[in-house]
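Understanding the architecture of this molecule
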Amino acid sequence: MTLSVSMKQQLGHLALDLAFEAPVGITVLFGRSGSGKTTIVNTVAGLLTPETGRICVQDRVLLDTKSGENLPPHKRRLGYIFQEGRLFPHLNVRQNLTYGRWMAKAPADRSEFDRIVEMLGIGELLERRPATLSGGEKQRVGIGRALLANPSLILADEPLASLDEERKQEILPFFERLRDEVSIPILYVSHSAAEVARLATTVVALDNGKVARQGPAVEVLGDPMVTPTGARAAGALIEAVVVMHHADGLTELEVGGVRLLLPRVSAEPGSRLRVRIPAQEVILSRQAPTGLSALNILPGTVETIRGGDGPGALVSVKTPAGSILARVTRRSTAALNLQVGGTVHAIVKTLAIAPEDVGR
Amino acid sequence: MTLSPEEWQAVALSLKVAFWATLFSLPFAVFVAYALARWTFPGRQLLNGLVHLPLILPPVVTGYLLLLTFSPRAPVGAFLGELGIVFAFRWTGAALAAAIMAFPLMVRAIRLSLESVDMRLEQASATLGASPFWVFATVTLPLTLPGILAGGILAFAKAMGEFGATITFVSNIPGETQTLPTAIYAFLQVPGGESSALRLVILSVIVSMGALVASEILSRRITRRMEGA
């Protein structure tokens, strides 16, 4: 199942004019605040109607301004996870969860209900009112409510933005499970590079109302030309396999024949991990460095150099582990005489990779 | 404190009039409040003004206009009379007068409550598959309940105390249209009627206070439920 969206809409000064496809898995609409992300999601939900556009899920047309077709929200079979939860305050958690099924007049599916309640760990909360729940609990109930509506498409509008860092880490694993277990498209809005790196199967990078680039997360995040939230937040994504845990608190990963050392990650040897390597934390060296404390040294060749007007430049290095982005000064690129195709070593400090940069 | 049969009659009639006036106007008030709060349509301000008119007009004027409209000799009154519906000089007329006088209070309370409903919750309901009717029935209406309750109680109290429009429209016929306030007025007109009047005054204070306390308890219970206790 694939969601296809194309739309045109004038939003104040911003002209939205874009088209993208969201296959099964999580497609992240990635862009800075005010880039029209929420407008796009609300258009897909049917809460807004664009000037022109066409939206369909596989063969089912939700909107086609040409033929005049425009399904109202309640007929679109959605599961919308809102930033602020939007739980019904007059209903308890159980009633909130079963609301969608009740509206669809579908028979209650006891085992499905139990499975989702169990997965989200909200069994203890069923008889409580939303007002007594913590932010993280509300968001988990919101996810459950959307899933139990039996949707053909899940929308999530910055579902973690209103949570503190600890709560974010509590909710992120649920979205990872959703991505891996649900067989429908999930359209997820975010302006957080770390969230994108952990969750996205596909990235749609937005810039000034247009799609700057769309494709698999590894490709889009490794492209120095695409930095929807600024070069400072850039970082490439590497998919690696856990080799072993060392006694000194490090975890060894392998990708493309290269070994990487990370601070201890709780994952079984043999399991796959996604690791975001912040461009900010990568050092480049022409020679293979010796006598250096950094543990991860990846040899490679320079793919692209993108200098801006500021002092910084983004360099992508093709290594056996995949593309790695490094944010260095323009002065350094000149001093090292970096050329596209030249050999270089990318150096990544083990401890520069934070726990939130690592996901399943 | 014992009441004479005549005094009882006035109390019972007042309760009956106020009850039916409130019950019948409630659905209309919800509809009008919803229209004023949510829809834009030509004549919206006119409707708003019309609803509020009884609040500003002298009650006697409202009563006289009702008499002009619903008297058996007037076209509307005659037509309704054909259908067997008679308002003039009947208790139903007292209920109609009370309903019209109380209507603006009811609409105001409900509208205020409606405007405080978070429309994003209604959107959430729609994305979960609720048609506009079900959005209203399962989200908007329950969240407006405190306002509907407050409006209902306020209207009930107003209907209990309505005097000017009632006496003008349906007069002051014991057993048919003599409500608490018109009875008090009548007792005060005759020598030696003060003690009867005083008993009815005490009764009206009790009924009004009772209504107020009931509304307070109910609205607290609703608020507590929403806050999750």
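Residues numbered from 1 in each chain as written. Chains lettered and ligands numbered in written order. Predicted model: local features only at pLDDT ≥ 70, side-chain atom pairs only at ≥ 80, totals over all residues.

**A look at the overall build of chain A**
A count of helices and strands for chain A gives eight helices and 21 strands. Computed over its C-alpha atoms, the radius of gyration of chain A comes to 22 Å, within 12% of the 21 Å expected for a compact globule of 360 residues. C-alpha extents for chain A along the principal axes are approximately 70 × 50 × 35 Å. Residues classed as buried in chain A amount to 44% of the 360 residues present. (Helix = DSSP H or I, 4+ residues; strand = E, 2+ residues; numbered from the N terminus. Rg over C-alpha atoms; globule rule 2.2 N^0.38 Å. Buried ≥ 20, exposed ≤ 12 C-beta atoms within 10 Å, placed from the backbone.)

**Quick notes on the nonpolar core**
In terms of nonpolar packing, the biggest core is built from 102 residues, with Val28, Leu155, Val203, Ala326 and Ala346 of chain A touching the most fellow members. Among the elements that make up this core, the one with the highest residue count is helix α4 (residues 135-148) of chain A (five residues). Summarising the domain contributions, this core has at least three residues from each of domain 1 (3-223) and domain 2 (235-359) of chain A. In this view, alanine 346 of chain A contacts Val282, Leu284, Leu298, Gly300, Val317, Thr319, Ile324 and Ala326 of chain A; residues no more than four positions away in its chain are not counted. If you look at the next biggest cluster of nonpolar residues, it comprises 48 residues, including Leu36, Leu67, Ala109 and Phe187 of chain B. (Core = buried A, V, L, I, M, F, W, Y, C linked by C-beta atoms within 7 Å. Domains from an automatic or database assignment. Contact = placed C-beta atoms within 7 Å.)

**Brief notes about the interface of chain B and chain A**
Of the residues lining the interface, 17 residues belong to chain B; the matching set on chain A comes to 21 residues. Broken down by secondary-structure element, the contributors of at least two residues to the side of chain B that touches chain A are α6 (119-127) and α7 (132-161) of chain B. Residues of the side of chain B that touches chain A, tallied by class, amount to 10 nonpolar, five polar and two charged. (Nonpolar A, V, L, I, M, F, W, Y, C, P; charged D, E, K, R; others polar.)

**Side note on α4 of chain A**
Residue and element names in this part refer to chain A. End to end, α4 covers 20 Å across 14 residues, agreeing with the expected 20 Å (1.5 Å per residue, within 8%). Judged by how many residues are buried, α4 sits mostly within the fold: 12 of 14 residues are covered. Those residues of α4 lying buried are Glu137, Lys138, Gln139, Arg140, Val141, Gly142, Ile143, Gly144, Arg145, Ala146, Leu147 and Leu148. Buried-residue contacts for α4 involve β7 (78-81), α2 (93-103), α3 (110-120), β8 (153-157) and α5 (165-181). Of the residues one or two after α4, asparagine 150 is the one with positive phi, at around 55°. (Expected span 1.5 Å × (residues − 1).)

**A short note on the confidence of the model for chain B**
Residues and elements named next belong to chain B. Mean pLDDT over chain B stands at 90; residues scoring 70 or higher make up 98%. Least confident of the elements in chain B is helix α10 (residues 194-226), whose mean pLDDT is 85; most confident is α6, at 95. On the interface metric, ipTM, the complex scores 0.86, and its pTM is 0.85. (pLDDT = per-residue confidence, 0-100.)

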